[in-house]
Amino acid sequence: MSPRSCSPVSPSSVSRSDLVAALEHARERTEGLLDPLSDEQLTRQVSPLQSPLVWDLAHIGHFEELWLLRRVGGRSAVSPKFDDLYDSFAHPRDERGRLPLLSPEAARAYVREVREAVLGLLPELSFNGGDPLLERGFVVGMVVQHELQHAETMAQTLALAGLHAREPQQEVTASGEVVVPGGPFTLGSTDPWAYDNERPAHVVDVPPFRIDRALVTNGEYAAFVEDGAAAPPGWDPVARPHAPVQHISFDEADAYVRWAGKRLPTEPEWEKAAKTVAGELEHLTGAVWQWTSSFFDGYPGFSAFPYAEYSEAFFGSDYRVLRGGSWFTDPLVARPTFRNWDLPQRQQIFSGLRCARDV
Ligand SMILES: [Fe+2]
């Protein structure tokens with residue numbers, strides 16, 4: 001278990017009450033976002049990049065049903081229609097608003113029904129019996145993290161709709177760079193709840209590099225915009241010049257660092273800094289996701305577990321990796337080995353950047 005993780009499990013054992021607490025924690029975050037909304041707000045397709053919120057809600061329930069009730073518990077499907085409606089690969093986000101989705105009331109009833117059945121199932125399961133799916137609560141951790149990750153996606157939708165705060169509240173106070181000495185370090189995770197794309201942990205030799213102690217601020221980015229770069233959506237640099245700049249695409253982040261005479265850190269560099277000089281760096285997590293220059297791909301010896309559609313389907317040269325975690329990301333997800341990824345032109349995510357340089 002990584003020292004920064006707030007995961008409620010330990011490497012050697014897991015208790016059912018920890019698993020229930022983690023499930024309830026994720027549900028509280030979902031309900032905190034959705035409960036205040038009207039049916040119109042829940043069913044609206046705010047952007048072609050985002051699902052209607054009621055799709056995310058029922059999809060969260062469907063994922064939980066699929067993995068915990070059906071795969072682990074051997075139960076039959078609540079409704080065979082849901083396997084198509086709520087499969088993220090079956091329907092791109094921009095067409096989900098036209099599907100015959102459950103109403104908000106029915107979606108809420110469905111996720112409640114699934115959760116009640118899951119809580120009834122947990123006492124029957126053995127989490128230390130050698131089944132890799134169950135070992136140390138992995139599959140429950142996967143369902144919890146899936147819900148928390150969708151909560152962030154829903155927060156992006158709400159930000160686009162103007163219904164939710166859309167900024168990091170932090171102010172950048174650090175300045176200057178840290179030199180990270182060259183040499184080997186262990187990239188990846190042995191956390192029992194880590195995803196397949198964080199495994200296997202393996203030793204990588206990273207040459208020395210410099211990395212900024214601080215994230216790029218609105219004030220710093222303003223000089224780039226004055227030089228002709230596009231302003232990020234919803235941007236008001238005058239309001240909070242010392243806050244980290246947000247809603248920056250990879251392409252813009254890459255252009256900024258070149259303009260500044262620097263570069264983005266590679267993924268191994270970011271993780272090495274997070275694991276070896278974390279005390280020197282401000283806002284490693286909790287402010288904005290940080291773009292790296294690396295494509296999303298499998299580590300040497302990667303093996304898809306428990307399904308290829310979580311990570312492997314996105315490997316290659318289409319997606320770039322982001323690290324850290326945003327002001328919305330739950331600490332249970334934002335471990336220093338967690339890998340987020342998105343297309344290089346995307347800016348609806350809570351993304352910013354930190355600069356690096358060669359020594
Ligand atoms: Fe999902």
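Because the structure is a prediction, the values reported are computed rather than measured. (Residues numbered from 1 in each chain as written. Predicted model: local features only at pLDDT ≥ 70, side-chain atom pairs only at ≥ 80, totals over all residues. Heavy atoms only, no water.)

## Concerning the confidence of the model for the chain
The predicted coordinates should not be examined in detail at positions where pLDDT is low. Mean pLDDT over the chain: 94, with 97% of residues reaching 70 or higher. Segment residues 1-11: pLDDT under 50, and 28 contacts once partners within four positions in sequence are set aside and those in other chains are kept. (pLDDT = per-residue confidence, 0-100. Contact = heavy atoms within 4.5 Å.)

## A few points about the packing of aromatic side chains
For the structure shown, the criterion picks out 26 aromatic pairs. Look at F224 and W259: their rings are 5.2 Å apart centre to centre, the planes differ by 50 degrees, and that puts the pair in the tilted class. Within this pair, whereas F224 is found in helix 7 (residues 218-226), its partner W259 is found in helix 8 (residues 250-259), the two being separated by 35 residues in sequence. On the accessibility criterion, F224 (9% relative accessible area) is buried. (Phe/Tyr/Trp six-rings, centres within 6.5 Å; stacked < 30°, edge-to-face > 60°. Helix = DSSP H or I, 4+ residues; strand = E, 2+ residues; numbered from the N terminus. Buried < 20%, exposed > 50% of the residue type's maximum accessible area, 1.4 Å probe, protein only.)

## Structural notes on the coordination of the iron ion
Within the protein, H59 (NE2), H146 (NE2) and H150 (NE2) serve as the donor atoms for the iron ion, at 2.1 to 2.2 Å. Along the chain, the residues donating to the iron ion fall in the pattern H-x86-H-x3-H. In this pair, H146 and H150 both sit in helix 6 (residues 138-160), four residues apart, roughly one turn of the helix. H150 matches H146 in its accessibility class, with the two residues each being buried. (Donors = N, O, S within 2.8 Å, 3.2 Å for Na, K, Ca; no water.)

## A few points about the pattern of salt bridges
Per the stated rule, a full pass over the model turns up 23 salt bridges. A salt bridge links E171 to R240; its shortest N-O distance comes to 3.2 Å. Here R240 lies in the loop between helix 7 and helix 8 and E171 lies in the loop between helix 6 and strand 1 (177-180), a separation of 69 residues in the sequence. Measuring nitrogen to oxygen at the nearest pair gives 2.9 Å for the salt bridge that ties R213 to E280. Taken together, the residues R213 in the loop between strand 4 (209-212) and helix 7 and E280 in the loop between helix 9 (267-276) and strand 5 (289-295) connect sequence positions 67 residues apart. (Salt bridge = Lys/Arg side-chain N within 4 Å of Asp/Glu carboxyl O.)

## Concerning the sheet that holds strand 4
Read across the sheet, three strands follow the order 1-4-9 without closing on themselves; strand pairing throughout is antiparallel. Two strands in the sheet have a free side with no partner beyond their single neighbour: strand 1 and strand 9 (356-358). With direction set aside, neighbouring strand axes in the sheet form an average angle of 25 degrees. In terms of strand pairing, strand 4 meets strand 9 through three bridges, oriented antiparallel. Bridge assignment links I211 to a residue of strand 9, and that residue is A356. Its contacts with the sheet put helix 9 on strand 1 and strand 4, and the angle it makes with strand 4 is roughly 75 degrees. (Pairing = 2+ DSSP bridges. Axes fitted to C-alpha atoms, helices over the stretch in contact; angles between N-to-C directions.)

## Quick word on the environment of K272
Within the secondary structure, K272 is located in helix 9. Look at K272 and you get buried, because its relative accessible area is 4%. Expressed as a C-alpha distance, the spacing of K272 and V180, which sit 92 residues apart in the sequence, is 8.2 Å. Ignoring any residue separated from it by four or fewer positions in sequence, one finds K272 in contact with V180, P181, G182, G183, F185, V206, F209 and V277. Among the polar contacts made by the side chain of K272, one reaches the main-chain carbonyl oxygen of G183 at a distance of 2.8 Å. (Polar contact = N/O pair within 3.5 Å; in protein donor to acceptor, adjacent residues only side chain to side chain.)

## Some thoughts on the pairing of strand 5
The buried count for strand 5 comes to five of seven residues, which makes it a mostly enclosed element. By the bridge criterion, two bridges tie strand 5 to strand 8 (residues 351-352) in an arrangement that is parallel. Paired with Q290 across the strands is G352, a residue of strand 8.

## As for the sheet that holds strand 8
Taken in spatial order, the four strands of this open sheet run 7-6-5-8, and their pairing is mixed. Looking at which strands have only one partner, the edges of the open sheet turn out to be strand 7 (340-342) and strand 8. Inspection of the sheet shows strand 5 paired to strand 6 (residues 320-323) by three bridges, in the antiparallel sense. Bridge pairing in strand 6 links W291 to L322.

## Digging into a negative patch on the surface
Taken together, the side chains of E24, E28, E31 and D35 present a region of like negative charge at the surface. Following the sequence through the fold, E28 ends up in helix 1 (residues 16-34). (Patch = residues over 30% accessible without salt bridge, like charges linked within 9 Å, V, L, I, M, F, W, Y side chains within 5 Å. Areas by Shrake-Rupley, 256 points an atom, 1.4 Å probe, with all protein chains shown as cover. Lys, Arg positive; Asp, Glu negative; His and termini not counted. Charge placed at Lys NZ, Arg CZ, Asp CG, Glu CD.)

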